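Summary of the model geometry
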Amino acid sequence: MTIQTCIPAVEIARLEKSYGSLKVLHDISLKAEQGEVISILGASGSGKSTLLRCVNMLEVPNAGSVSIFGEEYKLEQRVDQAARVTDRHQLQRLRSQATMVFQSFNLWSHLTILENLIEAPVHVQHRNRKVCIAEAEALLERVGIADKRNAYPSHLSGGQQQRAAIARALAMHPRIMLFDEPTSALDPELVAEVLKVMKDLAAEGRTMLVVTHEMSFARNVSSRVVFLHKGYIEEDGTPAEVFSHPRSERFRQFISKHAH
Ligand code: ADP
Ligand code: MG
């Protein structure tokens, strides 16, 4: 894997996020270089999803900045009101460079798998339908569910649905992929097939931010591990560093609790 040190894929600087009076992220600065695979670990409620959602502005931070390949989201901070994004075109452009894969798959239930894959490329990115169909078929082949192209999501297993969701994200040609506990809703025997697809994506040098409880993925696939505790980054380093020499006692406890 080559990690390039030019423009960072994602740069988060001094980010803060509150829900009403509850502050859930405090002064977060985090940079993902191009090609880095960062595992984001932490207990439930530590702010992992909120942090990931700030990268594509599903949540708008109350302070600080987020840049995608050097371009900073234009935000407006307002007194006594939620912050907001001010440039919808920029939002759409940056968001399609950083697509999200959710724990609950979020496939459109009324569309077939193939239709799920081409929906955004055709209607949001305004790309040629035939080209999008050909690409979608290749992506389904790649994640091992080509035979499900005309099936509806409810007819697929959880592992197949999540692989379809990953293919759908890839159909947008993202340069960054955001995964929010992609295997947490799966039966244990279906986890490996999804992790295998993610491992292949990582090996291709794609930039990935992955919220996960899969310690083997964090240890063996990611290039960096970040541990969140109550909205603060408590640990940040290579897997070798953080797993062999955790600086934070809480991370030490977290590792022993999640060791299989
Ligand atoms: P994690 O993904 O690590 O479990 P979250 O980012 O989902 O953590 O949540 C961090 C904190 O923010 C929790 O205390 C959670 O209850 C709170 N929270 C998350 N989303 C919302 C929301 N939309 N409104 C109010 N509070 C929220
Ligand atoms: Mg979460």
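Provided above is the structure to which this section pertains.
Just so it is clear, the structure is predicted and the values come from calculations on it, not from any experiment. (Residues numbered from 1 in each chain as written. Chains lettered and ligands numbered in written order. Predicted model: local features only at pLDDT ≥ 70, side-chain atom pairs only at ≥ 80, totals over all residues. Heavy atoms only, no water.)

**Some details on the site of ligand 1**
- The environment of ligand 1 is formed by Tyr-19, Leu-22, Val-24, Ala-43, Ser-44, Gly-45, Ser-46, Gly-47, Lys-48, Ser-49 and Thr-50.
- Between ligand 1 and Tyr-19 there is a distance of 3.5 Å, counted from a nitrogen atom to a side-chain nitrogen or oxygen.
- Residue Ser-49 places a side-chain N or O atom 2.9 Å away from an oxygen atom belonging to ligand 1.
- The fraction of the free accessible surface of ligand 1 (560 Å²) that becomes covered by protein chains is 59%.
- Going through the elements one at a time, β2 (22-32) and α1 (48-55) are the ones with two or more residues in the shell around ligand 1.
- Counting residues per element, the shell around ligand 1 draws most heavily on α1, which supplies three residues. (Near = heavy atom within 4 Å. Polar contact = N/O pair within 3.5 Å; in protein donor to acceptor, adjacent residues only side chain to side chain. Areas by Shrake-Rupley, 256 points an atom, 1.4 Å probe, with all protein chains shown as cover. Helix = DSSP H or I, 4+ residues; strand = E, 2+ residues; numbered from the N terminus.)

**Some words on helix α2 (residues 88-97)**
- Taken as a whole, α2 has its buried residues at Gln-90, Leu-91, Leu-94, Ser-96 and Gln-97.
- As for α2, its buried residues are in contact with β4 (63-68), β5 (71-72), β7 (84-85), β8 (98-101) and β9 (176-180).
- For α2, the side-chain oxygen to backbone nitrogen distance between the N-cap and His-89 is 3.1 Å, and the N-cap itself is Asp-87. (Buried < 20%, exposed > 50% of the residue type's maximum accessible area, 1.4 Å probe, protein only. Contact = heavy atoms within 4.5 Å.)

**A short note on the sheet that holds β9**
- One open sheet accounts for six strands, arranged β8-β9-β10-β3-β11-β12; its pairing is mixed. A single partner strand is all that each edge strand has here, and the edge strands are β8 and β12 (232-237). Each neighbouring strand pair of the sheet contributes to a mean axis angle of 20°, computed without reference to strand direction.
- Pairing between strand β3 (residues 37-42) and strand β11 (residues 224-229): five bridges, direction parallel. Following the sheet pairing, Ser-39 is matched in β11 by Val-225.
- Against the sheet, helix α6 (residues 188-203) makes contact with β3, β9 and β10 (207-211), and its axis sits at roughly 145° relative to β10, the strand it touches most.
- Its contacts with the sheet put helix α9 (residues 249-258) on β3, β11 and β12, and the angle it makes with β11 is roughly 105°. (Pairing = 2+ DSSP bridges. Axes fitted to C-alpha atoms, helices over the stretch in contact; angles between N-to-C directions.)

**Here's the deal with the packing of helix α3 (residues 113-123) against helix α4 (residues 129-142)**
- With their axes 9 Å apart at the nearest point, α3 and α4 run at an angle of 130° to one another. As far as their axial angle goes, α4 and α3 are oblique. As for how α3 packs across α4, the hand of that crossing is right-handed. Residues Ile-113, Leu-114, Leu-117, Ile-118, Pro-121 and Val-122 of α3 lie in contact with α4, whose contacting residues are Arg-129, Cys-132, Ile-133, Ala-136, Glu-137, Leu-139 and Leu-140.
- Taken together, the residues of the contact of α3 with α4 sort by class into eleven nonpolar, no polar and two charged. (Parallel < 35°, antiparallel > 145°, perpendicular 65-115°, else oblique. Left-handed = near helix turned anticlockwise from the far one by under 90°. Nonpolar A, V, L, I, M, F, W, Y, C, P; charged D, E, K, R; others polar.)

**So, α3**
- Most of α3 is tucked away: eight of the eleven residues are buried.
- Of all the residues in α3, the buried ones are Ile-113, Leu-114, Asn-116, Leu-117, Ile-118, Ala-120, Pro-121 and Val-122.

**A look at the packing of α3 against helix α5 (residues 158-170)**
- Two numbers describe how α3 lies on α5: the axes approach to 8 Å, and their chain directions differ by 25°. As the angle between them shows, α3 and α5 are arranged roughly parallel. Seen along the crossing, α3 lies across α5 with a hand that is right-handed. Note on element contacts: α5 touches α3 through Ala-164, Ala-167 and Arg-168, opposite Ile-113, Asn-116 and Leu-117.

**Side note on the sheet that holds β5**
- The strand order β2-β1-β4-β5 describes an open sheet built from four strands, whose pairing is antiparallel. The open sheet terminates on both sides in strands that have one partner only, identified here as β2 and β5.
- In terms of strand pairing, strand β1 (residues 10-19) meets β4 through five bridges, oriented antiparallel. Across the sheet, Glu-16 pairs through a bridge with Ala-63, a residue of β4.
- Sheet contacts for α1: β1, β2 and β4; angle to β1, the most-contacted strand, approximately 125°.

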